[in-house]
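Notes for the structure review
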Amino acid sequence: MADESYSFVVVSNRLPVDRVVDEAGNASWKQSPGGLVTALEPVMRAADGAWVGWAGQADLDLEPFDNAGIRIVPVPLSESDLELYYEGFSNDTLWPLYHDVIAQPSYHREWWERYVQVNRRFAEAVAGVSAPGATVWVQDYQLQLVPAMLREARPDLLIGFFNHIPFPAYGLYSQLPWRLQIIDGLLGADVVGFQRVADAGNFSRAVRRLRGYTTKSPVIEVPGVDDAPARRVIAKPFPISIDVAGFQELASRPEVQERARQIREDLGNPKTIMLGVDRLDYTKGITHRLKAFGELLADGSLSVEDVTLVQVATPSRERVESYRQLRDEIELAVGRINGDYGTISHQAISYLHHGFPREEMAALYLAADVMLVTALRDGMNLVAKEYVAARSDEDGVLILSEFAGASDELRAALLVNPHDIDGLKDTILRAIDMPRHERRKRMHSLRKKVAENDVSHWSDSFLATLRRARRTRAAWGGSGLPGEAEWTVERPPQS
Ligand code: GDG
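As the structure is a prediction and not an experimental result, all values here were calculated from the model.

1. A short note on unusual backbone geometry
A cis geometry characterises the amide bond from serine 217 onward to proline 218, with omega recorded as 5°. Inspection of the secondary structure assignment puts proline 218 in the loop between β10 (214–216) and β11 (219–222). Within the chain, aspartate 59 stands out as a residue other than glycine whose phi angle is a positive 55°. Within the fold, aspartate 59 resides in the loop between β4 (49–54) and β5 (65–67). On the accessibility criterion, aspartate 59 (55% relative accessible area) is exposed. Even without being a glycine, asparagine 381 presents a positive backbone phi close to 90°. You can see asparagine 381 is positioned in the loop between β16 (370–373) and α13 (382–390). Taking the relative accessible area as the measure of exposure, asparagine 381 reaches 6% and is therefore buried.

2. Examining the layout of surface pockets
For the second largest pocket, the calculated volume is near 920 Å³. Lining the second largest pocket we find 38 residues, and of these Arg151, Leu187, Gly188, Val222 and Arg231 sit closest to its centre. Counted by class, the lining of the second largest pocket contains 18 nonpolar, eight polar and 12 charged residues.

3. Topic: the packing of aromatic side chains
Inspection of every chain in the model, using the stated rule, returns 25 aromatic pairs. With a centroid separation of 5.3 Å and 10° between ring planes, the pair formed by tryptophan 112 and tryptophan 178 is classed as stacked. One end of the pair, tryptophan 112, is in helix α3 (residues 109–129); the other, tryptophan 178, is in the loop between α5 (170–173) and α6 (179–186), with 66 residues separating them in the sequence. One aromatic cluster is present, formed by Trp54, Tyr85, Tyr86, Phe89, Trp112, Tyr115, Phe122 and Trp178 through successive ring pairs. The positively charged end of arginine 317 is found above the aromatic ring belonging to tryptophan 95, 4.1 Å away from the centroid.

4. Quick look at the side chain of serine 130
Positionally, serine 130 belongs in strand β7 (residues 130–139). The class for serine 130 is buried, based on a relative accessible area of 6%. In contact with serine 130, other than residues within four places in its own chain, are Ser5, Tyr6, Val9, Val136, Arg154 and Leu157.

5. Focus on the pairing of strand β17 (residues 397–401)
On a regular strand, each side chain points to the face opposite its neighbour's, so the side chains alternate between the two faces of the sheet. Among the five residues that make up β17, five are buried, leaving the element largely enclosed by the rest of the structure. Residues Val397, Ile399 and Ser401 line one face of β17 and the alternating positions Leu398 and Leu400 line the opposite face, and both faces are buried. Direction of pairing for β16 relative to β17: parallel, over a ladder of four bridges. Bridge assignment links leucine 372 to a residue of β17, and that residue is isoleucine 399. Following the backbone out of β16, through α13 and into the adjacent parallel β17, one traces a crossover that is right-handed. Strand direction decides the pairing type here: β17 and strand β18 (residues 414–416), joined by three bridges, are parallel. Along β18, the bridge assignment pairs isoleucine 399 with leucine 414.

6. Regarding the pairing of β4
When you tally the buried positions in β4, you get six out of six residues, the bulk of the element. Of the strand pairs in this sheet, strand β1 (residues 6–14) and β4 are connected by five bridges, and their pairing is parallel. The residue of β4 that forms the bridge with valine 10 is tryptophan 51. When β4 meets strand β6 (residues 70–74), the two strands line up parallel, connected through four bridges. By the bridge assignment for β6, valine 52 is matched with valine 73.

7. A word on the environment of proline 96
Position of proline 96 among the secondary structure elements: in helix α2 (residues 79–98). Assessed through its relative accessible area of 0%, proline 96 is described here as buried. Here the alpha-carbon distance between proline 96 and arginine 377, two residues 281 residues apart in the chain, equals 10.0 Å. Apart from residues no more than four positions distant in its own chain, proline 96 is found in contact with Asn91, Val101, Ile102, Ala103, Gln104, Pro105 and Tyr282.

About the thresholds
Counting of residues starts from 1 at the beginning of each chain's written sequence and follows it residue by residue. Reporting of local features is limited, given that this is a predicted model, to residues whose pLDDT is at least 70; pairs of side-chain atoms are given and counted only at 80 or more, and all residues count toward the totals for whole chains, interfaces and linings. Only hydrogens and water are set aside; all other atoms, that is, all heavy atoms of the structure, feed into the side-chain values. Put simply, DSSP marks the helices as runs of H or I at least four residues long and the strands as runs of E at least two long, and each gets a number from the N terminus on. For every residue, the accessible area (1.4 Å probe, protein chains only) is compared with the maximum for its type, and the residue is labelled buried under 20%, exposed over 50%, or partly exposed between those bounds. With a 1 Å grid laid over protein atoms only, a set of points is called a cavity when a 1.4 Å probe fits there but cannot get out and a pocket when it is open yet has protein on both sides within 12 Å along at least five of seven lines; lining residues have an atom within 4 Å of a point. Grid points are joined across faces, edges and corners, and a volume is the space filled by probe spheres set on the points. Three categories are distinguished: nonpolar for Ala, Val, Leu, Ile, Met, Phe, Trp, Tyr, Cys and Pro, charged for Asp, Glu, Lys and Arg, and polar for the others, with Gly belonging to the last. What counts as a ring pair is set by centres within 6.5 Å for rings of Phe, Tyr and Trp (its six-membered ring), and what kind of pair is set by the plane angle: stacked under 30 degrees, edge-to-face over 60, tilted for all other angles. Lysine and arginine charges are scored as sitting over a ring when NZ or CZ, respectively, is within 6 Å of the ring centre and within 35 degrees of the ring normal. The contact rule is simple, with two residues in contact once any of their heavy atoms fall within 4.5 Å. Two strands form a pair only when DSSP identifies at least two bridges running between them. The path from the first strand over the helix to the second decides the hand: if it runs clockwise while the strands point away from the viewer, the crossover is right-handed.

Function cannot be inferred from these measures alone, as they are strictly geometric.
This is the structure in structure tokens:
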């Protein structure tokens, strides 16, 4: 591995490729669809890039390889790494804590120790493939220690970190027994990016409270220790988005539009189709949505002849106990509502516990008159943005939780507090009855907002901030930078 080096390195827990094995047992790789890859592909190509991460299967030790023009550098994880570092510390400690303790976080020293070990393994893999002065972009909460580990091993690197999930208020964050180590880990980066202004504020506050460093938004001054010079860290929001043009193109395909018509027909041509699309996760507020819908059917405000709710609940983290319990809870509620209010010809809820191809997702967005995003806490929520991007007919109503990051931008949605079941019920009725001119006006304004900030804009502005940090660091006379690895990216013209 040591003989390869790259001037732009992205590192995330999961690589953007899936291993597929055909009937004859031959394995190949397929790029997993997702905004992040789409956004970073041009940067990767222009800057001689590599992506470091786990390939998705336990105990698979693979050599680096090329896939669709991207150098892939796998980091192996064992079954026990997955149990302790991934399902344990990442998904049962950090995930609930960072989502405002909607579920109780578990604190286990063994999980933490493995989190440190695995973060070190990722940091070593990155250090091993990074050219002198390279730019490294670390993604998400599973790898919060990587920035400081990398800085120690390779002070020449320019390091960015982006947190895809919220960063909690200090009152909650301070529960974490390893709160200092995580803060120090993140402060190893030159730029720490968050989804919302509030997340960046929470982080800076935690730094002030725990370390006493001076912060003047967006700058955090980190004093030098031993021989290391003082540094400036930028902590600010970069709201993530989707590949808007790609999604629009998908939704404009005649076969996708035909499929949307088919879906409506298959559901018995209800007046209103409501849709929820979520990973099956307690942060997404699926049970709150079901409660509101069930009560509207119970009190006769809605009837199954007129309204159908389609709920896609993509399987997620099924080995974590709280997720298994949630699945049971949701399926019990769906079964009750369908049993109580369904008729032979009309089901109240069409519940789908599996993933779908992107084309089917786009058809569902087109078929949905009302889109329900009722997250109790969500970093951003890309589903809300995808729904808007798909609706070039300027129709459809988005109901959006004020606790999803997307609500900072998508102010023209019907904003709700999902904990307020009566408020949610009123909003659903308002959405169903909304006149066409208001639907158009709101959707027009939402579409303008989503078009202004697509995922390329997100990655461009993050990387531009990183480049500025490099120049500031040089001006400060910080850790002698080679400078020659400063790169620019020419983006192909967008149609
Ligand atoms: C985290 C943060 C933040 C879902 N089911 C299927 C499917 N999906 C796609 C959606 C969307 C994506 O998965 C889900 O993104 P979200 O943003 O809604 O939520 P998380 O997975 O929790 O993502 C979140 C995000 O990171 C990015 O920073 O916005 O707040 O929690 O794109 O369309 N796609 C397909 N089939 C499915 O069944 N093809």
